[in-house]
Amino acid sequence: MSATDPIIRIADLPDQVGQTVTLSGWVTHLRSSGKIAFIVMRDGTGVLQCVVAKKEVPEAAWEAFGTLTLETSLQVTGVVRADARQAGGVELGVSALAVIGPSALDYPIQPKEHGIDFLLDHRHFWLRTPRQVAIMRIRNEIEQAIHDFFYERGFLRVDTPILTAAIGERAGLFSTEYFDEGNAYLAQTGQLYGEAAAAAFGKIYTFGPTFRAEKSKTRRHLTEFWMIEPEVAFNDTHANMRLQEEFVAFLVRRAVERRRAELEELGRDVSKLEAVQTPFPRVEYGEAVKTLQGKGSAIQWGDDLGAEDEALLVEDYATPIFVCNYPKEAKAFYMKENPDDPRTVLCDDMLAPEGYGEIIGGSQREDDHDKLLARIREEGLPEDAYSWYLDLRKYGTFVHAGFGLGLERTVAWICGSPHIRECIPFPRMMHRLRP
RNA sequence: GGCCGCGUAGCUCAGCUGGUAGAGCAGGUGACUGUUAAUCACCGGGUCACAGGUUCGAGUCCUGUCGCGGUCGCCA
């Protein structure tokens, strides 16, 4: 309770023992034992057992208990009592009870196991359950930590367009009609705009939704996901990786410090997160290929790392690792050629431990106009769409580097979640557009 | 999209070598003053995804379609 929130919430109750309070919420469990009844209610800040004794409440309140069903919204008044048997250490001795909104008898989500398809169809209700509440609080903590990290370091947040002309990477684009301009496409990266902004503001980051029409059915893909893309003028690839490891370690530390209760609700082994310390190991692509061949992988120089390769490579480390300087064929056109080995580009993938795979893709950007133009032509990209991007190399080109962090993948790793679909409030996937 | 698997009550599932549909939970009624996904008794609840085929007979076997999941590729 505060000046701007006069409503008492369940989370406030440990400080209110002995007080009579009125609070509102929804029914999650009902138990009755003749002349004593128990309502377990939630309000988004916590869960509370309310005890209704027939002798101690008005007739109307006792009868109101009889009408309660799962997810009825209600207002209860009573005395806060310390009770060591309860999760939050308190329970409420009810003196009055009023239904705000009744809930139909067929509320679909029960306190038991459900299949994933059913849960996704009922995402609007699934979000009310304790595990989902914990994940969303951790997601929110990470989002806030991202803003704090960059704000404290003097970065400017830049909001890049979602409707764009055909520009970005190779993955599939969602398109929509755009007046007389032909098709517009939903942005699959803000990076190119981020590069323009870096030349204006020095250090920037973007934080926004991105869209990929990839027909991917995996635990690590969504068609709509949130990405954080910093871009720093005059950073080279080494400074870029230092920023990445400092950033990711900051996010993990923040979740462990401020959301330990939620991590424990999820059954997360917090010691694995506490083991995440900088610096993260750097593994050159060429070394990675040799290591993987030594472990029995069929990978050849030039191939991208497969999911199995990533898992094999990461198994020896407790922290995320960088795999750097991939062959240029495996990577996007805008990455800078490696002066020490022109077959490769100055880039890095950050692979999370415990098999969570790639959470960051980063690179130093190609700052030479002619080399960039040649790459655009090699890839068969529409040159006119990239003319403004090429201009950045004509008018005061600059060494710069940046990266993209996938929010849901990061949340999934920190939460120990088996699938990123539960790490965003309303997931969008190839076969799922609602709710 | 490739490969593999699944589809039976509102939910989670069982249903054997083919013989006409089951449990738990949820819901209803009742009992119980300390329960923690309470317990106990009784009750209602089914186009076995859809279409075709084999068979005296198909939830079960075969073919096709649809839906979903897992995995791979692509990437964050």
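Here the structure is a predicted model, which is why all the values come from computation and not from measurement.

Q: Sorry, what's going on with the protein's contact with RNA strand B here?
A: Close to RNA strand B lie 50 residues; R31, P111, R212, R219 and R409 are nearest. Counting only the atoms of RNA strand B that lie within 4 Å of the protein, the sugar and phosphate share comes to 47%. H431 places a main-chain nitrogen or oxygen 3.4 Å from a phosphate oxygen of RNA strand B. Elements represented by at least two residues in the surface near RNA strand B include exactly β1 (20-32), β2 (36-42), α2 (116-121), β11 (224-233) and β15 (357-364). If one sorts the elements of the surface near RNA strand B by residue count, β15 sits on top with four residues. Residue classes in the surface near RNA strand B are distributed as 12 nonpolar, 17 polar and 21 charged.

Q: Sorry, what's going on with the packing of helix α9 (residues 285-294) against helix α10 (residues 307-314) here?
A: A pair of packed helices can be characterised by two numbers: the angle between their axes and the separation between those axes. Interhelical geometry of α9 versus α10 gives an angle of 90 degrees and a closest axis separation of 10 Å. With respect to α10, the axis of α9 lies roughly perpendicular. Along the contact surface, α9 presents A288, T291 and L292, while α10 presents D309, L312 and L313. Of the residues that constitute the contact of α9 with α10, the class distribution is four nonpolar, one polar and one charged.

Q: I would appreciate a short explanation of the layout of surface pockets in the present structure.
A: The rolling of a water-molecule-sized probe over the atoms marks out the regions of remaining empty space. Volume-wise, the largest pocket comes out at about 1200 Å³. Lining the largest pocket we find 39 residues, and of these G46, V47, T129, P130 and E265 sit closest to its centre. Counting residues per element, the ones that place at least two in the lining of the largest pocket are β1, β2, β3 (47-53), α4 (130-152) and α7 (260-265). Counting residues per element, the lining of the largest pocket draws most heavily on α4, at four residues. Residue classes in the lining of the largest pocket are distributed as 18 nonpolar, 11 polar and 10 charged.

Q: Even after reading the chapter, I still don't get the packing of helix α11 (residues 369-378) against helix α12 (residues 387-394), so can you show me in this structure?
A: Relative orientation of the contacting elements α11 and α12 amounts to 160 degrees, with a least axis distance of 9 Å. Comparing the axis directions of α11 and α12 gives the class roughly antiparallel. Note on element contacts: α12 touches α11 through Y389, L390, R393 and K394, opposite H369, L372, L373 and I376. A breakdown of the residues in the contact of α11 with α12 according to their chemical character gives five nonpolar, one polar and two charged.

Q: In this structure, what is going on with the packing of aromatic side chains? I would like to understand it.
A: What describes a pair of aromatic rings is the distance from one ring centre to the other and the angle between the planes of the rings. Taken as a whole and assessed by the stated rule, the structure comprises 20 aromatic pairs. Ring centres 6.2 Å apart and planes at 25 degrees place the aromatic pair W62 and F65 in the stacked group. Of the two residues, W62 and F65 are both situated in helix α1 (residues 59-67); the distance of three residues between them amounts to about one turn of the helix. Judged by its relative accessible area of 10%, F65 falls in the buried class. When the centroid spacing of 5.6 Å and the interplanar angle of 85 degrees are considered together, the rings of Y285 and W301 count as edge-to-face.

Q: Just checking my understanding: could you explain the nonpolar core for this structure?
A: Inside soluble globular proteins, nonpolar side chains tend to come together where they are buried. Counting residues in hydrophobic clusters, the biggest one holds 57 residues, and the most contacted among them are I146, I228, F247, V248, W413 and I414. Counting 29 residues, the second largest nonpolar core, distinct from the first, contains Y285, A288, L312 and F333.

Q: Just to check I follow, could you spell out the environment of I146 for this structure?
A: Locating I146 in the fold gives a position in helix α4. Taking the C-alpha atoms as reference points, I146 and R254, 108 residues apart in sequence, are found 9.8 Å from one another.

Q: Looking at this structure, how should I read the sheet that holds strand β5 (residues 90-101)?
A: Strand pairing in a sheet relies on backbone hydrogen bonds. The paired strands run either parallel or antiparallel. Pairing is mixed in the closed barrel, where five strands are placed in the order β1-β2-β3-β5-β4. Within the sheet, the average angular offset between the axes of one strand and its neighbour, ignoring direction, is 55 degrees. As paired elements, β1 and strand β4 (residues 73-82) share seven bridges and run antiparallel to each other. Residue pairing across strands places T20 opposite V79, the latter belonging to β4. Packed on one face of the sheet, α1 meets β1, β2, β3 and β5 and runs near 65 degrees to β2.

Q: Explain unusual backbone geometry to me, please; I cannot follow it from the model alone.
A: For residues that are not glycine, phi is negative in most cases, and the peptide bond is trans in most cases. That bond from T278 to P279 is cis: its omega, -5 degrees, falls within 30 degrees of zero. If you trace the backbone, P279 turns up in the loop between α8 (270-274) and β12 (282-284). For N325, which is not glycine, the phi dihedral falls at a positive 60 degrees. For N325, the position within the fold is in the loop between β13 (321-324) and β14 (347-352). Positive phi values are uncommon outside glycine, yet E354 reaches one of about 60 degrees. When you line up the elements, E354 lands in the loop between β14 and β15.

Q: Please explain the side chain of T72 as it appears in this structure.
A: Its location among the elements puts T72 in the loop between α1 and β4. Within polar-contact distance, the side chain of T72 engages the backbone oxygen of T69 at 2.9 Å.

Q: How should the pattern of salt bridges be read in this particular structure?
A: This model, assessed by the stated rule, comprises 32 salt bridges. Between E408 and R139 there is a salt bridge, with the nearest N and O atoms lying 2.9 Å from each other. In this pair, E408 sits in helix α13 (residues 407-415) while R139 sits in helix α4, placing the two residues 269 residues apart along the sequence. Each of the two residues, E408 as well as R139, counts as buried. Across the pair E379 and R375 runs a salt bridge whose closest N-O atoms are separated by 3.4 Å. Salt bridges sharing partners connect three or more residues here, namely E141, D148, R254, R259 and E262.

Definitions and cut-offs
- Residues numbered from 1 in each chain as written.
- Chains lettered and ligands numbered in written order.
- Predicted model: local features only at pLDDT ≥ 70, side-chain atom pairs only at ≥ 80, totals over all residues.
- Heavy atoms only, no water.
- Near = heavy atom within 4 Å.
- Polar contact = N/O pair within 3.5 Å; in protein donor to acceptor, adjacent residues only side chain to side chain.
- Helix = DSSP H or I, 4+ residues; strand = E, 2+ residues; numbered from the N terminus.
- Nonpolar A, V, L, I, M, F, W, Y, C, P; charged D, E, K, R; others polar.
- Axes fitted to C-alpha atoms, helices over the stretch in contact; angles between N-to-C directions.
- Parallel < 35°, antiparallel > 145°, perpendicular 65-115°, else oblique.
- Contact = heavy atoms within 4.5 Å.
- 1 Å grid on protein atoms, 1.4 Å probe; cavity = no way out; pocket = protein on both sides within 12 Å on 5 of 7 lines; lining within 4 Å.
- Points joined across faces, edges and corners; volume = space filled by probe spheres on them.
- Phe/Tyr/Trp six-rings, centres within 6.5 Å; stacked < 30°, edge-to-face > 60°.
- Buried < 20%, exposed > 50% of the residue type's maximum accessible area, 1.4 Å probe, protein only.
- Core = buried A, V, L, I, M, F, W, Y, C linked by side-chain atoms within 4.5 Å.
- Pairing = 2+ DSSP bridges.
- Salt bridge = Lys/Arg side-chain N within 4 Å of Asp/Glu carboxyl O.

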